[in-house]
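# Fold and geometry: a report
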Amino acid sequence: MTHALPEHYRALRVVKGDDGQPRAEFQTLPSTELPTGDVTVQVTHSSLNYKDGMAVAGRPGILKRHPMTPGIDLAGTVLHDETGEYTAGEGVLITGWGLGERHDGGYATLARVPAAWLTRLPHGTDAQWAMSVGTAGFTAMLAVMALEDHGLKRGEEAEVLVTGAAGGVGSTAVALLAKAGFNVTASTGRPDEEPYLKALGARTVIGREAVSGLTRPLESERWAGVIDTVGGATLAGAYAATRTHGSLAVCGLAASAKLDTTVYPLILRGVNLLGIDSVTCPPSRREAAWGRLARDLPAAALTDVTRVRGLSELPALAQAILAGQVRGRTVIDVN
Ligand code: NDP
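Residues numbered from 1 in each chain as written. Predicted model: local features only at pLDDT ≥ 70, side-chain atom pairs only at ≥ 80, totals over all residues.

The name that an unreviewed UniProt entry assigns to the protein is Acrylyl-CoA reductase (NADPH), with the source organism given as Deinococcus enclensis.

## Remarks on the site of the ligand
Convention followed: Throughout this description, a residue near a molecule or strand is one whose C-beta atom, derived from the backbone, lies within 6 Å of it. Helical segments are the DSSP runs of H or I of at least four residues, strand segments are the runs of E of at least two, and each set is numbered from the N terminus. In this count, Pro and Cys sit with the nonpolar residues alongside Ala, Val, Leu, Ile, Met, Phe, Trp and Tyr, while Asp, Glu, Lys and Arg are called charged and the others, Gly among them, polar. Domain start and stop points were drawn from an automatic or database domain assignment.
For the ligand, the set of nearby residues contains 32 residues, the closest of which are Gly164, Ala166, Gly167, Thr188 and Gly252. Among the elements of the structure, α1 (50-56), α2 (127-149) and α3 (168-179) are those that each provide at least two residues to the shell around the ligand. Its residues assigned to classes, the shell around the ligand shows 14 nonpolar, 14 polar and four charged. Composition of the shell around the ligand by domain shows at least three residues from each of domain 1 (8-121 + 301-333) and domain 2 (135-275).

## Examining the packing of α2 against α3
Any two packed helices are characterised by how steeply their axes cross, that is the angle between the axes, and by the distance between the axes. We apply this condition: For helices, the fitted line uses only the C-alpha atoms of the stretch in contact; every axis is such a line through C-alpha atoms, and the angle between N-to-C directions lies from 0 to 180 degrees. Roughly parallel refers to an angle under 35 degrees, roughly antiparallel to one over 145, roughly perpendicular to one between 65 and 115, and oblique to any angle outside these ranges. Note on convention: near helix rotated counterclockwise from far helix by under a right angle means a left-handed crossing. Clockwise means right-handed. Contact between two residues is assigned whenever their backbone-derived C-beta positions fall within 7 Å.
Running from amino to carboxyl end, α2 crosses α3 at an angle of 50 degrees, the nearest separation of the two axes being 8 Å. Compared by their axis directions, α2 and α3 come out oblique. Seen along the crossing, α2 lies across α3 with a hand that is right-handed. Residues Ala136, Gly137, Thr139, Ala140, Met141, Ala143 and Val144 of α2 pack against Gly168, Val169, Thr172, Ala173, Leu176 and Leu177 of α3. Considering only residue class, the contact of α2 with α3 consists of nine nonpolar, four polar and no charged.

## Comments concerning the confidence of the model for the protein
Applied cut-off: pLDDT is a per-residue confidence score from the predictor, ranging from 0 to 100.
Per-residue confidence for the protein gives a mean pLDDT of 95, with 99% of residues at or over 70. What the predictor reports for the complex is a pTM of 0.94 with an ipTM of 0.99.

## Focus on the domain arrangement of the protein
Interfaces are frequently sized by the accessible area removed from exposure as the parts join. Domain assignment breaks the protein into domain 1 (8-121 + 301-333) and domain 2 (135-275). For domain 1 versus domain 2, the distance between C-alpha centres works out to 29 Å. Contacts between the two partners involve 12 residues from domain 1, matched on the other side by 11 residues from domain 2.

## Some thoughts on the nonpolar core
Spelled out, the test is: The term nonpolar core means buried Ala, Val, Leu, Ile, Met, Phe, Trp, Tyr and Cys residues held together as one set by C-beta atoms within 7 Å. Every C-beta atom is placed from the backbone, and the number of other C-beta atoms within 10 Å of a residue's own sets its class: buried at 20 or more, exposed at 12 or fewer, partly exposed in between.
Within the largest apolar cluster, 103 residues are counted, with the highest numbers of intra-cluster contacts made by Ala143, Ala173, Val174, Leu177 and Ala249. The dominant element in this core, judged by the number of residues it contributes, is α2, at 14 residues. Each of domain 1 (8-121 + 301-333) and domain 2 (135-275) contributes no fewer than three residues to this core. Apart from the residues within four sequence positions on either side, Ala249 is in contact with Ala143, Ala146, Leu147, Val226, Ile227, Leu274 and Ile276.

## Let's talk about the environment of Leu314
You can see Leu314 is positioned in helix α10 (residues 314-322). Using a count of 24 C-beta atoms within 10 Å as the deciding quantity, one classes Leu314 as buried. Spatially, the C-alpha atom of Leu314 lies 9.3 Å from that of Asp52, the residues being 262 residues apart in sequence. For Leu314, the contacting residues outside a window of four places in its chain are Leu12, Val56, Tyr107 and Ile332.

## A look at the environment of Arg309
In this fold, Arg309 is placed in strand β14 (residues 306-310). Judged by local crowding, Arg309 falls into the partly exposed class, with 15 C-beta atoms found within 10 Å.

See below:
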């Protein structure tokens, strides 16, 4: 079954201006200009991630060509699938795979993508829920699963650190870890966010310097597990204070891509540095992660973490996320 394809669609496009500089503009395009792919999706919701902020603001490194529709996440309804794997009307989501980077993304009312990129919306969820989780929440789930796969056990003593805790990945990581029964410590540079982080389930809230100030190669052992979204001195400090046989799930570089440290925690404490890459995560792991997100983070749990904004607000929102002023998750209602 196929649903009728609209003749036109609306998109936020990043184009190169006459001065050679990228800039975002709203366009209405004929659907014949959609990229090639198996499945056409009526997009209803997308989300705002740090990468999207960079792309919309015209910062280099995210968009691999111009013009391009940013938006690394999307959710909506299948209109047509060449492969026959999906039926028209099915609810689906996509995160990663190069969407909104090398292939037109979620800031448009229509998308066309390879069938292999789609994940069905878990039972009992909808597109808005999927986008309030988005790449950020999905990444947080992959990080929790990686720590558990490497032996992290819940219990009063198992203190788990989340850095950049008031951000999108951090907020969801705090909520997921608390739900799984861990003793969560949230590190934030925004002390005003302490009540928010405690409401998400953090037992302890500490400042950024409490982690980035740990500069000895081996610090006193404290954390059984770490989810780091910040990189740089923060990651180095958390790594030096991770307990014997503990693990760090390394997700982000909000402060820095550098890691200046020693091998001592690896070779004297058996600490595990685990890389998290949500973009290339294989389909079976994706399904497992989304299933657990649906179970552990139902829509009601995300209400306080999520705000919904329109497509037209994206240029301003991009500046805000780059300035570190966005709390939790921003869903984009594309229509
Ligand atoms: P957000 O902007 O929502 O959150 C980042 C948080 O990091 C901020 O809220 C802030 O937390 C903290 N932070 C920002 N700047 C600094 C700084 N200079 N020093 C210390 N802390 C800082 O972004 P996301 O949560 O969406 O993404 C976080 C990181 O994870 C990004 O680097 C992103 O690129 C990466 N990422 C990686 C993925 C993967 O697959 N590996 C997928 C998704 C994201 P606070 O205010 O609490 O201090």
